[in-house]
Amino acid sequence: MDSTVPPENAPARDADEDAGPARTRDADPRVSVVVITHNRRGELLRTLGRLAELPERPPVFVVDNASTDGTCATVARVHPWVRLLRAGRNLGAVGRNVAVERVTTPYVAFCDDDSWWEPGSLGAAADLLDARPGLAAVTARIVVEPDGTEDPIVAELRDSPLTGPGWLPGPALGSFLAAATVLRVDAFRAAGGFSPRLWLGGEEELLATDLMVRGWWLAYAEELTVHHAPSAARDATGRREDGLRNTLWFAWLRRPLPAALRRTWHLARTVPRDAASARAFGRALAGLPWVLRERRVVPEEVEERLRLLEREQRRSTARRYVG
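A brief look at the structure comes next.

On to the pairing of strand β2 (residues 60–64). Where burial is concerned, most of β2 is hidden: five out of the five residues are buried. Alternating residues of β2 divide into Val-60, Val-62 and Asp-64 and Phe-61 and Val-63, and every residue in both groups is buried. Bridging between strand β1 (residues 31–37) and β2 involves five bridges; their strand directions are parallel. Bridged to Val-35 within β2 is Val-62. Crossover handedness for the path β1 to helix α1 (residues 41–52) to β2: right-handed. Once the chain exits β2 it traverses helix α2 (residues 71–78) before rejoining the sheet at strand β3 (residues 83–86), and the crossover so formed is right-handed.

Here it is, written out as structure tokens:
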């Protein structure tokens, strides 16, 4: 893990590794599930209940990002089969890295504490990855609960402008949604996982690009489904601020100079003119020294994919820096 995450904050396993549904005779040995959580005990318990019922019986790792609402004690009591990892502070998306370090299956599925996988989808995702050694990740269709409607982002995944090899199980993607994706563990680790610098909010874009630079493909798979019951316990303005900062950082970390300038200028003209946007730009500027030190421009074939995606993102109704 990156040195910016102190070793003393790396959690230790709390739950009995041999207990519960994760170790039944009929378990699928190919996929583990990783959930990060922070002060959403009720929603997490619902998600764990859903995951416990999956026919694949996956090992489930929960990284508690320093909750103060009794999450750890309740999970240990109600779901003792879960691999419960306690973070000393809120690690954001890096909590997933901590769990993946302990995963022993070839694939890992992420979900949030307010989302869960549909029965059969994890096994189907493993089948897709088994059959396609050049595929790093498959992203599922997202159904929003309680109404059972598709998330607006699904249409963009389904109509991705990217082209890829004929063996892909669906449209090629240039990024993914962590809470709806199954990834190849070896590819995730080799690419360095999620960046500690980005913390949380659009953190997938940098990892996805680094996977593509290494020759991996990402794809959408219509036959896989994740359910999402959006939590009311979220800081929409803080998420927007972090997401905008991370978008700017990503542009300057990986895009050629003209593309980085174009992306920055477009965002400056189109985001809400308010304090949150001003803070995001200020924080992005404050990080410029490390961004320039770690800047690695992608090869032209990857940049071409990013250009195509950028055009689509400008027309997107599902990706807005509002809140």
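Taken as a whole and judged by the stated rule, the model has 23 salt bridges. Note that Arg-102 is salt-bridged to Glu-101, the shortest N-O span being 3.8 Å. Looking at Arg-102, the relative accessible area reads 30%, which means it is partly exposed. Residue Glu-303 is joined to Arg-255 by a salt bridge in which the shortest nitrogen-to-oxygen separation is 2.8 Å. Linking Glu-303 in helix α12 (residues 300–315) with Arg-255 in the loop between α8 (236–254) and α9 (257–270), this pair joins segments that are 48 residues apart in sequence. Here Glu-303 matches Arg-255 in class, with each residue buried.

The rules behind each value
Residues numbered from 1 in each chain as written. Predicted model: local features only at pLDDT ≥ 70, side-chain atom pairs only at ≥ 80, totals over all residues. Heavy atoms only, no water. Buried < 20%, exposed > 50% of the residue type's maximum accessible area, 1.4 Å probe, protein only. Helix = DSSP H or I, 4+ residues; strand = E, 2+ residues; numbered from the N terminus. Pairing = 2+ DSSP bridges. Right-handed = clockwise from strand over helix to strand, strands pointing away. Salt bridge = Lys/Arg side-chain N within 4 Å of Asp/Glu carboxyl O.

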